Amino acid sequence: MDLLQLKYFVALAEKEHLNKTAEELIITPSTLSSSLSRLEKELGVKLFDRIGRNIRLNKFGQIYYKYCKEVFTALNNASAEMNDAQNKTDSGLTIGLTNPLLWQGPFQELRALHPDIHFQLIAFDTGTENSDISHLDLIIASPDSLRDPSLASKTLFYDEVLLAVPPKHRLAKRKSIDLAEAKDEWFVNSLRNTSFRQYCDNLCLQAGFEPKTQIECDYILRSKMMISENMICLITRRGYLTGLYNEAVLIPLRFPRCMRPQAIFWHKDRYQTKAAQMIKSFVIKYYENYDPLHLKNADKTKNQ
């Protein structure tokens with residue numbers, strides 16, 4: 001066996017689809033199938049169960065996949081550490097962000113202080129198709145949406161969830177509200193399956209109702225649709241700081257009162273380059289020292 005065979009096997013194990021895997025690897029399905037057959041012959045066991053046109057990792061394949069991943073992790077770690085030893089800048093550092101607008105402040109300051117460090121900020125959401133975390137060096141997301149035992153994390157802050165309404169809405173003069181009082185209102189919601197949409201839907205369920213969603217759109221359009229259609233939505237205080245909701249009226253929730261955490265994540269078994277360590281430390285210290293909403297000592301209860 002060779003590394004190319006192992007690479008093909010790992011890719012196939014993760015997609016469990018022969019044609020799609022071959023297309024991703026830029027090889028023919030027959031080449032991929034032949035490589036797998038040779039590997040299985042060498043090992044003396046079948047690694048996949050064939051079910052019609054579909055394939056699934058069997059118990060032998062799951063064992064082999066686990067150790068193959070360790071091999072490639074070790075090789076990648078060795079390459080990264082050697083680059084660090086040569087003081088090479090890691091231009092491939094990638095950071096996944098669930099809402100890039102929320103993180104403009106710290107990353108603008110980081111670029112100003114360390115223009116020599118190259119990194120990519122990638123829009124990332126745990127509930128959608130772009131939820132693969134294997135290529136991400138660091139991730140900033142809410143722990144309620146990212147539960148992966150291979151990741152370590154550090155909480156950065158807690159963010160209050162509020163009801164946002166247009167200035168002329170019937171609820172606009174309320175100083176606070178039980179979310180159940182909005183059960184008959186039309187919501188402008190985030191796109192289905194995104195982590196914040198799932199979070200808001202669960203918050204409404206805690207209040208005893210399913211939100212009446214008439215419009216679904218991304219976070220940039222949501223504020224405009226809310227105002228133009230005289231509908232309501234749930235946002236966070238830091239989401240308000242993006243400037244998208246300047247026309248909206250924010251109403252604190254009495255029940256369920258919610259302080260949603262945000263955390264920075266990294267892979268436990270992956271070598272952290274000097275650049276990754278520096279960025280992680282910078283972001284953690286940034287939120288230890290910068291708290292415009294005075295939330296450090298706020299009630300940190302989750303979904304009471």
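Above this text is the structure in question.
As the structure is a computational prediction, the values presented were derived from the model and not from experiment. (Residues numbered from 1 in each chain as written. Predicted model: local features only at pLDDT ≥ 70, side-chain atom pairs only at ≥ 80, totals over all residues. Heavy atoms only, no water.)

Draft legend 1. Examining the layout of surface pockets more closely. Here the largest pocket is characterised by a volume of approximately 1,100 Å³. Lining the largest pocket are 38 residues, and of these K69, T73, N76, S134 and R270 sit closest to its centre. For the lining of the largest pocket, the elements supplying multiple residues, two or more each, are α1 (3–15), α2 (18–25), α4 (59–85), β3 (93–97) and β12 (259–267). Top contributing element to the lining of the largest pocket by residue count: α4, with 12 residues. Residue classes in the lining of the largest pocket are distributed as 11 nonpolar, 14 polar and 13 charged. Of the voids in this model, the second largest pocket is the one considered here, and its volume is about 560 Å³. Taken together, 30 residues line the second largest pocket, and the ones lying closest to its centre are T98, N99, D125, F196 and Y219. Among the secondary structure elements, those contributing two or more residues to the lining of the second largest pocket are α6 (195–206), α7 (219–229), β10 (233–236) and β12. Counting residues per element, the lining of the second largest pocket draws most heavily on β10, which supplies three residues. Here the residues of the lining of the second largest pocket are counted per class, giving 12 nonpolar, 13 polar and five charged. (1 Å grid on protein atoms, 1.4 Å probe; cavity = no way out; pocket = protein on both sides within 12 Å on 5 of 7 lines; lining within 4 Å. Points joined across faces, edges and corners; volume = space filled by probe spheres on them. Helix = DSSP H or I, 4+ residues; strand = E, 2+ residues; numbered from the N terminus. Nonpolar A, V, L, I, M, F, W, Y, C, P; charged D, E, K, R; others polar.)

Draft legend 2. Inspection of the pattern of salt bridges at higher detail. Applying the stated rule across the entire model yields 16 salt bridges. A salt bridge links E24 to K15, with the nearest nitrogen and oxygen atoms 3.5 Å apart. We note a salt bridge from E160 to R237, for which the minimum N-O separation is 2.8 Å. Taken together, the residues E160 in strand β6 (residues 151–165) and R237 in helix α8 (residues 237–240) connect sequence positions 77 residues apart. Salt bridges here are not isolated pairs; linked through shared partners, they connect R174, D178, E181 and R254. (Salt bridge = Lys/Arg side-chain N within 4 Å of Asp/Glu carboxyl O.)

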